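Chain by chain, the residues run as shown.
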Amino acid sequence: MTDENLYELVCRVSKEAFGKGFKHQAYFNKRLRTTGGRYMLRSHNIEVNPLVFEKYGMDELIGVIKHELCHYHLHIEGKGYQHRDADFRELLKATNSPRFCSTLVEGKGRKATKRYTYKCAKCSISYNRKIRLNTKKYRCGKCYGDLVLVYFENLK
């Protein structure tokens, strides 16, 4: 699919789903990694990740286009165009647009989460932490006893 085909598709989806025209540019952007597309506030252009069409096909591509057109039309009209705005959420439901796109990158950029469990040597209270503690520096908040690392879990 070329940029011209994408532009024609965006114009068609805008007319059919929203009943309004699309007067700006729509094109593929290969530099997008984790997002399906984006609406540019200043230029009013829509950029789409080509992986959406390659991995998931036309239905997913139309979903991303509808989502970005929700941003586009609300912003042009001066209404709430951000994800947290009620206008945006209502228009998503009215046009049957997805809130999120399918996962494009698997495993990349995601760090393994770690979990540490410490226990007080005096009163046996447990403390769960994401960040490792220096047990020589920190003590129990209840009885000021020494903390001991009792469990370490490395999750992906």
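Use the structure listed above.
Now for a quick tour of the structure.

## Section: the pattern of salt bridges
Counted under the stated rule, the structure contains five salt bridges. The salt bridge involving E16 is made with R12; its shortest N-O contact spans 3.7 Å. Of this pair, E16 and R12 are both found in helix α1 (residues 3-18), four residues apart, which corresponds to roughly one turn of the helix. Notably, a salt bridge pairs E77 with K79, separated by 3.6 Å at the nearest N-O pair.

## Focus: a nonpolar patch on the surface
Taken together, V148, V150 and Y151 make up a surface patch of nonpolar side chains, about 270 Å² in accessible area. In this structure, V148 sits in strand β6 (residues 147-155). V148 sits in the partly exposed class, given a relative accessible area of 41%.

## Comments concerning the packing of helix α3 (residues 58-77) against helix α4 (residues 86-94)
Two quantities define a packed helix pair, namely the angle between the helix axes and the distance between the axes. Where α3 contacts α4, the axes come no closer than 10 Å and their chain directions differ by 135 degrees. Of the possible angle classes, the one that applies to α3 and α4 is oblique. Remark: the crossing between α3 and α4 carries right-handed chirality. Packed against α3, whose contacting residues are H67, C70, H71 and L74, the element α4 presents D87, F88, L91 and L92 at the interface. Considering only residue class, the contact of α3 with α4 consists of five nonpolar, two polar and one charged.

Calculation notes
Residues numbered from 1 in each chain as written. Predicted model: local features only at pLDDT ≥ 70, side-chain atom pairs only at ≥ 80, totals over all residues. Heavy atoms only, no water. Salt bridge = Lys/Arg side-chain N within 4 Å of Asp/Glu carboxyl O. Helix = DSSP H or I, 4+ residues; strand = E, 2+ residues; numbered from the N terminus. Patch = residues over 30% accessible without salt bridge, like charges linked within 9 Å, V, L, I, M, F, W, Y side chains within 5 Å. Areas by Shrake-Rupley, 256 points an atom, 1.4 Å probe, with all protein chains shown as cover. Buried < 20%, exposed > 50% of the residue type's maximum accessible area, 1.4 Å probe, protein only. Axes fitted to C-alpha atoms, helices over the stretch in contact; angles between N-to-C directions. Parallel < 35°, antiparallel > 145°, perpendicular 65-115°, else oblique. Left-handed = near helix turned anticlockwise from the far one by under 90°. Contact = heavy atoms within 4.5 Å. Nonpolar A, V, L, I, M, F, W, Y, C, P; charged D, E, K, R; others polar.

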